[in-house]
Amino acid sequence: MGKLFLVFLLCNAGLSSGVDITSNLTEALESFHERLRNLPEDMFEVQLDLGKFTANEEMKQQAENQAKQIRGKLSDMSSDMYNLRFVVDRLSELEAEKEDDKEEVEEGCSSWYLGMNLNPSDGHIMGYETGWSDDTSIGTLEDALIRDYLNQTVWNMPAKYIAIVRHHQGKLDAVKVFTFKHWGLSLSHRFKDTDPGRNVVTEGGPVQEYTVPGAHNLGDDPVFSVGGDLAFNWGYSRNGARLVLTGGHLSGADVDDDNTHGFGNNFWVRPKMVEDPEASPDWAHEISNIQDCPLQGCTGVKGVKIQGTDHGSGSTLKGGPVYGNYALYISDDSASFPTDGAELEINVKMCED
């Protein structure tokens, strides 16, 4: 399959001496991916057609099983292609930077890379257990800024800076940029550091903070209503929040009060475990707002204020308005994120005037 795939790409790219390999390979990947995306559905139609055979039930079942296996492999290939396309795009950037190194230095350009996007109302719950530390890509490039998304390649890249960007379908609403205490570590490494966890990972507070004039819902936003630094894997008793700010309430290690709020939450999980098979989906919730609603006094009537619908069925979890999508970008060479009129992309260039 690997050799056939490579031959297919080369034939379709029309590679030859004197031709821009980067450009042709990118086009070939896009073309191949477009066709590949439809193949699982086509194979499903084949499965349905196989069900019409009646002469030999055993052989029909064998054929249907083989078609099902092929459809599964095609679906996996389609998912893998997203990662391959990102890596090729990154390689293309590196090639361009290598060729135009002097020009890049003169322009003073640096790059931000999208590692994660959270949409708290897309039907996929990014609680404490999902995505943060399991080295699995989530979502698609096409929907990266409108649905939950995690790029495994970026998640494993070393980073010096992290930007949290609230946005509406790619239109920037607010941003905070932080500097990591320890440079050269990936987000994957940081979010796997759960025992003991409770890690304050940045220092000095935001190095950049910006909100669009007239932005709404800032009073209890989990990022933009409080100050301080970023803390990862904030476990407390049988609860955990993957990303919080130290300016909000941080529950003590043994305090079971359901009262630390941020991104990637669960009120019934063993937070020191990278993966907890006993974690309850009922208490998972993607984004909770800043509030003071400790367990003992937070009844089902009042409830814990959650953004959107991406939460479990726990009796105190109360869905509410969505303030926006939240994107996590990383950079190794820029402490500034573009603001005025910024339209987000998978990769964002920051060029000094």
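Note that the structure is predicted; figures quoted are calculated from it, not measured.

1. Concerning the pairing of strand β1 (residues 109-118)
Along any regular strand the residues' side chains alternate between the sheet's two faces.
For step 1, the next point in the chain: Counted residue by residue, β1 has 10 buried out of 10 residues, so it is predominantly covered.
For step 2, the next point in the chain: In this structure, β1 lies alongside strand β16 (residues 347-351), joined through five bridges in antiparallel fashion. Among the inter-strand pairings, W112 is bridged to a residue of β16, identified as V348.
For step 3, the next point in the chain: Where β1 and strand β15 (residues 325-331) come together, five bridges link them in antiparallel fashion. Considered in β15, the bridge of M116 is made with L328.
For step 4, the next point in the chain: In this sheet, strand β2 (residues 149-150) lies alongside β1 in antiparallel orientation, the contact comprising two bridges. What sits directly across from M116, in β2, is L150.

2. Re unusual backbone geometry
Of all residues except glycine, most have a negative phi; of all peptide bonds, most are trans.
For step 1, the next point in the chain: A cis geometry characterises the amide bond from D195 onward to P196, with omega recorded as 10°.
For step 2, the next point in the chain: Turning to its location among the elements, P196 is positioned in the loop between α6 (187-192) and β7 (199-200).
For step 3, the next point in the chain: Not every positive phi belongs to a glycine, and S237 is a case in point at roughly 55°.
For step 4, the next point in the chain: The topology assignment puts S237 in the loop between β9 (230-236) and β10 (239-245).
For step 5, the next point in the chain: Judged by relative accessible area, S237 falls into the partly exposed class, the value being 29%.

3. Focus: the sheet that holds β9
Within a sheet, each strand pairs with its neighbour through backbone hydrogen bonds, oriented either parallel or antiparallel.
For step 1, the next point in the chain: Sheet architecture is open: five strands sit in the order β7-β9-β10-β11-β12, paired in antiparallel fashion. Two strands close off the open sheet at either side, each with one partner strand: β7 and β12 (284-287).
For step 2, the next point in the chain: Pairing of β10 with strand β11 (residues 263-266) involves three bridges; the strand directions are antiparallel. By the bridge assignment for β11, A241 is matched with N265.

Conventions used here
- Residues numbered from 1 in each chain as written.
- Predicted model: local features only at pLDDT ≥ 70, side-chain atom pairs only at ≥ 80, totals over all residues.
- Heavy atoms only, no water.
- Buried < 20%, exposed > 50% of the residue type's maximum accessible area, 1.4 Å probe, protein only.
- Helix = DSSP H or I, 4+ residues; strand = E, 2+ residues; numbered from the N terminus.
- Pairing = 2+ DSSP bridges.

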